[in-house]
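# A look at the structure
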Amino acid sequence: MKKEIIKARCTHMDEEGNGVINYKGTLIQVPHLIEGEEGVIQIHRHKEQVFGRLVEMTQKSPLRAEPPCPYYYTCGGCQLQHLKTDAQNAFKQQTVEKLLSPFGPVEALITMPDPLRYRNKSHTTYAVNRGAIVSGIYEARSHRLTSIDQCMIQNEQADAIGLTIRKMLPSFKLMPYDEDSGQGFLRHVLVRVGHYSKQVMVVLVVATPVFPSKNNFIQKLKTLHPEITTLLLNVNNRRTSMVLGHDEQVLFGKGYIEDTLCGLTFRLSPKSFYQVNPPQTQILYGKAVEFAGLTGKERIIDAYCGIGTISLIAAQKAKEVIGVELNEDAVRDAIANAKTNSIKNTRFVKGDAGEFMVQMAVQGEIFDVVLLDPPRSGSDERFLNSLINLMPSRIVYVSCNPVTLARDLKILTKRGYKVETIQPVDLFPMTYHVETVVKLVRQMGSVIRTEISPPIISSPKPAPLNHKDRGPKKPHKGRVKKMRG
Ligand code: SAH
């Protein structure tokens, strides 16, 4: 790796909160540098990548704050702690406006009053460093682990459990997994805490199902943390950056936790998606349902529905909601959630949202509202083409990535939809991430439809509107396996 030291001024910040400098005509990202600041910067060139590291600050911004976290400058988890709270909020507002104001009016960011310790989920990685067991998260742009005892944005109980497990390992002669040699036992620990229910799920992600002193380990962990309501073992023996492996075993408890959101109860399994900041999520979903303009008569699709959160909240004000989701555990949770909440006008389909939309469009189904909440990569062409062909009166797009949201809005607005409102909501203070919910309405007579090739999947037919019918059958392959350990 070649290194150069230069002096430069930050011209602006990019969407990920990095400062940007212009060095001999090349724009280079410098983490932790604020617009207008000057500093001594070390340029790192590695293969195709070029980035800068701030070595010394020569001119400081008035927006600069002391990060509340002692690990901030080495850990890659947060990107905005060096900014005052108002400046963080302004950064998110500007990012959303820059990307989305060409499509319609952007409302003021809904901020979080107490922006620390909000994450209901922690993910701790374990390793050996110079003979000592360490646990924490990977540094940005590297495969080095920053050992951390606590994280300022994470639930305190989750932190404490991660740390307890680190301290327990030597007495049980259990070693962290070593990525290079493929040896060792513990890879990661996931903790999820029900923000309102206080139920706690712990998942030990291990490299091998051979778990010496398993029962004693469980007993000890239970004694030290009686708040744990369920413990699972997940075996991931692949050399991969994926955290969770396929095989899962419940060591005690139900294998999932429950939490409440917008007055409903939701269960969530280890692999199911669930927003990390429940108080702000309630605001986000409240806006999504408001934008859907429901009167009780609407047929709705909730695409990328996860455990059915938005579907079930919307279903209380609609005629019928069909949720579609790829992750089979999440679909199973969604079906159970409908039952628990005695909501009978929802159906859940396991499948690719794009293919499901094609199927609906080809079948000539009619929907009044389509809600979509895709992953960071956004939606895809097949989905958007079919969405346009379905011609719902309203589309509500919930997105965690304004970049892909802008890309998708460009298509929708060119083909007959008008953006009425854009509402950013901060679910991830201290990080650059921001959620946005957008209301689009169909312009009478101006929808441009396209030909789409038939669905690739056979028949993702929704389950009948009756909870006795279980919805899509789980293929045997995906079963939660009982394992000997
Ligand atoms: N609306 C839910 C989940 C949003 S996260 C909530 O708010 O909780 C995005 C979801 O999309 C995840 O559950 C993920 O499993 C799912 N997903 C990802 N790709 C998909 C695809 N191609 N088709 C359907 N669902 C998909």
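Residues numbered from 1 in each chain as written. Predicted model: local features only at pLDDT ≥ 70, side-chain atom pairs only at ≥ 80, totals over all residues. Heavy atoms only, no water.

As a further point, take the overall build of the chain. Per the secondary structure count, the chain includes nine helices and 21 strands. Taken against the 2.2 N^0.38 rule, which gives 23 Å for 485 residues, the C-alpha radius of gyration of the chain at 24 Å falls within 12% of a compact globule. For the chain, the spread of C-alpha atoms along the three principal axes comes to 65 × 60 × 40 Å. In the chain, which comprises 485 residues, the share counted as buried stands at 55%. For the chain, restricting intrachain contacts to residue pairs at least 6 apart in sequence, the fraction spanning at least 24 positions comes to 65%. (Helix = DSSP H or I, 4+ residues; strand = E, 2+ residues; numbered from the N terminus. Rg over C-alpha atoms; globule rule 2.2 N^0.38 Å. Buried < 20%, exposed > 50% of the residue type's maximum accessible area, 1.4 Å probe, protein only. Contact = heavy atoms within 4.5 Å.)

The subject of this paragraph is the packing of aromatic side chains. Given two aromatic rings, their pairing is described by the distance between the two centres and the angle made by the two planes. Summed over the entire model, instances satisfying the criterion amount to five aromatic pairs. Feature note: the residues Phe172, Phe185, Phe211 and Phe217 constitute an aromatic cluster, connected by ring pairs. Positioned above the aromatic ring of Tyr177 is the side chain of Arg187, whose terminal nitrogen or guanidinium carbon lies 4.1 Å from the ring centre. Against the face of Phe367 rests Arg299, its NZ or CZ located 4.4 Å from the ring centre. (Phe/Tyr/Trp six-rings, centres within 6.5 Å; stacked < 30°, edge-to-face > 60°. Lys NZ or Arg CZ within 6 Å of the ring centre and 35° of its normal.)

With that out of the way, let us pick up the site of the ligand. Taken together, 15 residues lie near the ligand, and Tyr285, Glu325, Asp352, Ala353 and Asp373 sit nearest. A distance of 3.0 Å separates a nitrogen atom of the ligand from a polar atom in the backbone of Tyr304. Here a nitrogen atom of the ligand and a side-chain polar atom of Asp352 are 2.7 Å apart. Within the complex, the protein chains bury 86% of what would otherwise be the 570 Å² of accessible surface of the ligand. Partitioning the shell around the ligand into residue classes produces eight nonpolar, four polar and three charged. (Near = heavy atom within 4 Å. Polar contact = N/O pair within 3.5 Å; in protein donor to acceptor, adjacent residues only side chain to side chain. Areas by Shrake-Rupley, 256 points an atom, 1.4 Å probe, with all protein chains shown as cover. Nonpolar A, V, L, I, M, F, W, Y, C, P; charged D, E, K, R; others polar.)

Three- or four-residue spacings in an α-helix give side chains the same orientation, since the helix completes a turn every 3.6 residues. Between its first and last C-alpha atoms helix H1 (residues 85–100) spans 22 Å; for 16 residues at 1.5 Å apiece the expected length is 22 Å, and the two agree. When we look at burial in H1, the residues that qualify are Ala87, Gln88, Asn89, Phe91, Lys92, Gln93, Thr95, Val96, Leu99 and Leu100. (Expected span 1.5 Å × (residues − 1).)

Attention now goes to helix H4 (residues 278–292). The terminal C-alpha atoms of H4 lie 21 Å apart, and with 15 residues this matches the ideal 21 Å at 1.5 Å per residue to within 8%. For H4, every residue scored as buried is listed here: Pro278, Gln280, Thr281, Leu284, Tyr285, Ala288, Val289, Phe291 and Ala292. Contacts made by the buried residues of H4 are with strand S13 (257–261), helix H5 (309–315), strand S18 (369–372), strand S19 (394–399), strand S20 (417–425) and strand S21 (435–442). Of the residues trailing H4, Gly293 is marked for its positive phi of about 55°.

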